[in-house]
Amino acid sequence: EPEVTQTPSHQVTQMGQEVILRCVPISNHLYFYWYRQILGQKVEFLVSFYNNEISEKSEIFDDQFSVERPDGSNFTLKIRSTKLEDSAMYFCASRRSGINYNSPLHFGNGTRLTVT
Amino acid sequence: SQQGEEDPQALSIQEGENATMNCSYKTSINNLQWYRQNSGRGLVHLILIRSNEREKHSGRLRVTLDTSKKSSSLLITASRAADTASYFCATDPSNFGNEKLTFGTGTRLTIIP
């Protein structure tokens, strides 16, 4: 069964550094998402992406964050200048969806980001 | 309270018993979904129930939805040690499947062998 893959599984970075988290969504999916989870707590929405542009973003997704789909397969999340509070698990998800078609999200296994 | 709150926050039961988790939400929905998360892993979809459905079954899972009370419950029957995980409900407002899902706070389920 196709799956969403994320790399790296763990990223350690120093405060102020830029990080790029990578995701390969399922190939025939149309909608892409980033969520984050701070140490087993609530799963928080960051941003959704469709047709090569951001559909919706949360308050967390400030101007330090950006997303990109540079080619037909990868979907990246960039944090320009990391803060300690950015330490979390970052999950990429995708879904196919369509008119009158309710589909679940397919999640990757996440990237654990540790900012020191 | 926040959109999508599960209760209890944590639940420990003996293997073989049934586990019931509840979810409350605030806004209107098109469907509600339940997900499972093993420790340190991504979320895995379990079951989806549409707003015009009241109950749905999938194997040992039974989900109910009461839109008048804005609540849902997930029942796992005949629990197994492998069911130990966190369970999240998620609300989907869209008929087109193009909007974000909003997740609850989760219930951490521990099955004691």
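Scroll up to find the structure.
As the structure is a prediction and not an experimental result, all values here were calculated from the model.

Basis of the calculations
Positions within a chain are numbered from 1, following the residues in the order the chain's sequence is written. Working convention: letters from A go to chains and numbers from 1 go to ligands, in the order in which they are written. Confidence filtering applies because this is a predicted model: local features only for residues at pLDDT of at least 70, side-chain atom pairs given and counted only at 80 or more, and all residues used for totals across whole chains, interfaces and linings. Side-chain descriptors were evaluated using all non-hydrogen atoms of the structure, hydrogens and water having been removed beforehand. Numbering of helices and strands starts at the N terminus; helices are DSSP runs of H or I of at least 4 residues and strands are runs of E of at least 2. Radius of gyration here uses only the C-alpha atoms, and the compact-globule reference equals 2.2 Å multiplied by the residue count raised to the power 0.38. Only protein chains enter the accessibility calculation, which uses a 1.4 Å probe; a residue is then buried when its area is under 20% of its type maximum, exposed when over 50%, and partly exposed in between. Within this document, salt bridges are pairs made up of a side-chain nitrogen of Lys or Arg and a carboxyl oxygen of Asp or Glu, the two lying within 4 Å of each other. Contacts between residues were defined by any pair of non-hydrogen atoms, one from each residue, lying within 4.5 Å. Computed with a 1.4 Å rolling probe, the buried area is the accessible surface lost when two parts are put together, summed over both parts.

Check the secondary structure of chain B and you find zero helices and 11 strands. Here the C-alpha radius of gyration of chain B, 13 Å, is about what a compact globule of 113 residues would show, namely 13 Å. When its C-alpha atoms are laid out on the principal axes, chain B stretches across 40 × 30 × 25 Å. Residues counted as buried form 44% of the 113 residues belonging to chain B.

Before going further, it helps to examine the pattern of salt bridges. Considering all chains together, one arrives at five salt bridges over all chains under this definition. Residue Arg95(A) pairs with Asp92(B) through a salt bridge whose shortest N-O separation is 2.9 Å. Here Asp92(B) lies in strand S9 (residues 85-92) and Arg95(A) lies in strand S9 (residues 88-95), a pairing that spans two chains. Both residues of the pair, Arg95(A) and Asp92(B), count as buried. Measuring nitrogen to oxygen at the nearest pair gives 3.1 Å for the salt bridge that ties Arg62(B) to Glu55(B). Given a relative accessible area of 31%, Arg62(B) falls into the partly exposed group. Accessibility expressed as a relative area gives 41% for Glu55(B), which makes it partly exposed.

Take the interface of chain A and chain B next. Counting from both sides, the interface comprises 25 residues of chain A and, opposite them, 28 residues of chain B. Carbon and sulfur atoms make up 47% of the area that chain A and chain B hide from each other, which totals about 2,100 Å². Seen at the junction of chain A and chain B, the total is two salt bridges. Note that Lys100(B) is salt-bridged to Glu56(A), the shortest N-O span being 2.7 Å. Of all the elements in the fold, those that place two or more residues in the side of chain A that touches chain B are strand S4 (31-37), strand S5 (43-50) and S9 of chain A. The element that contributes the greatest number of residues to the side of chain A that touches chain B is S4(A), accounting for four residues.

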